[in-house]
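The primary structure of each chain is shown beneath.
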Amino acid sequence: FRLQLELRLAAALQERLGKQPRLFLLAVMMLGLLLSAAISNVTAPVLLLAVVQPLLQELPSDSRFSRALLLGLAFSCNLGGMITPIASPQNAIALVALQQVVGADVSFGRWSSVAGPVALVGTLGVWLLLLLLLRPDDCAVLPRVACGATPLTRTKKFSLGAVAVAVLL
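Going along each chain's sequence as written, the residues are numbered from 1 onward. In view of the model being predicted, local features appear only for residues whose pLDDT reaches at least 70, and side-chain atom pairs are presented and counted only at 80 or more, with totals across whole chains, interfaces and linings using the full set of residues. Hydrogens are left out, water is left out, and the side-chain values use all remaining heavy atoms of the structure.

Asks: Please set out the nonpolar core residue by residue, giving values where relevant.
Replies: We call a set of buried residues a nonpolar core when its members are Ala, Val, Leu, Ile, Met, Phe, Trp, Tyr or Cys and they connect through side-chain atoms within 4.5 Å of each other. The buried label goes to any residue with under 20% of its type's maximum accessible area, the exposed label to any with over 50%, and the partly exposed label to all in between, with areas taken from a 1.4 Å probe on protein chains only. The biggest cluster of nonpolar side chains holds 30 residues, and the ones touching the most others in it are F24, L25, V28, L55, F65 and L69. Mapped by element, the contributors of at least two residues to this core are α2 (21–38), α3 (43–58), α4 (64–80) and α6 (108–134). By residue number, the principal contributor to this core is α2, which donates eight residues. Strands are runs of DSSP state E lasting at least 2 residues, helices are runs of H or I lasting at least 4, and numbering of each runs from the N terminus.

Asks: I'd love a proper account of the environment of A38, names of residues and values included.
Replies: Relative to the helices and strands, A38 is located in helix α2. Relative accessible area serves as the criterion here: at 53%, A38 is assigned to the exposed category. Along the primary structure A38 and G80 are separated by 42 residues, whereas in three dimensions their C-alpha atoms are 8.5 Å apart.

Asks: Explain the side chain of S112 to me, and be specific about the residues and the numbers.
Replies: Following the sequence through the fold, S112 ends up in helix α6. Accessibility expressed as a relative area gives 18% for S112, which makes it buried.

Asks: Describe the environment of R110, and please don't skip the residues or the numbers.
Replies: Along the chain, R110 falls in helix α6. We classify R110 as exposed; its relative accessible area is 55%. Put simply, R110 and T84 are 26 residues apart on the chain and 9.6 Å apart in space, counted from C-alpha to C-alpha.

Asks: Kindly report on the packing of aromatic side chains, identifying the contributing residues and their values.
Replies: The description of an aromatic ring pair rests on the distance of the ring centres and on the angle between the ring planes. Under the pairing criterion, centres of Phe, Tyr and Trp rings, with the six-membered ring standing for Trp, must be within 6.5 Å; the plane angle then separates stacked pairs below 30 degrees from edge-to-face pairs above 60, leaving the rest tilted. Counted by the stated rule, this structure contains one aromatic pair. Considering the side-chain rings of F24 and F65, the 6.4 Å spacing of their centres and the 45° angle between planes classify their relative orientation as tilted. Placement of the pair is F24 in helix α2 and F65 in helix α4, with a sequence separation of 41 residues. Accessibility assignment for this pair places F24 and F65 in one class, buried.

This is the structure in structure tokens:
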């Protein structure tokens, strides 16, 4: 069975930020940043593309907002890949090199405490650049995302909870 989480998330984001496309763009970018820090910066944009896909299908193909949304997602996921040592293979390589070449033992927390603010500021900077250069104001209000998802049954809620626990562990 399908939980249709992507439709639920897209509809929830659209409902809260549908009248503020710039903030919707920022919210998707922040989701990309955080998700790619927790998993892989390759997997995160694929997952989030499923979330924004219903919205993109409703917008004109030449929409500047669509371009900004896709570029923002790509850039934020790349930046999010810097936040944790596990998010991207080059981070693990850098940790090993730091330890072997320089003798510096950098912990997971130390890495994240330095990379996190850099990635956050970078994402905010990219968001501002996208607003400035692409001018994604051709979409004053986002189209409604039809969430034809069936209600979450008790079994589906249990399955969702089990997945959430597995991810957190």
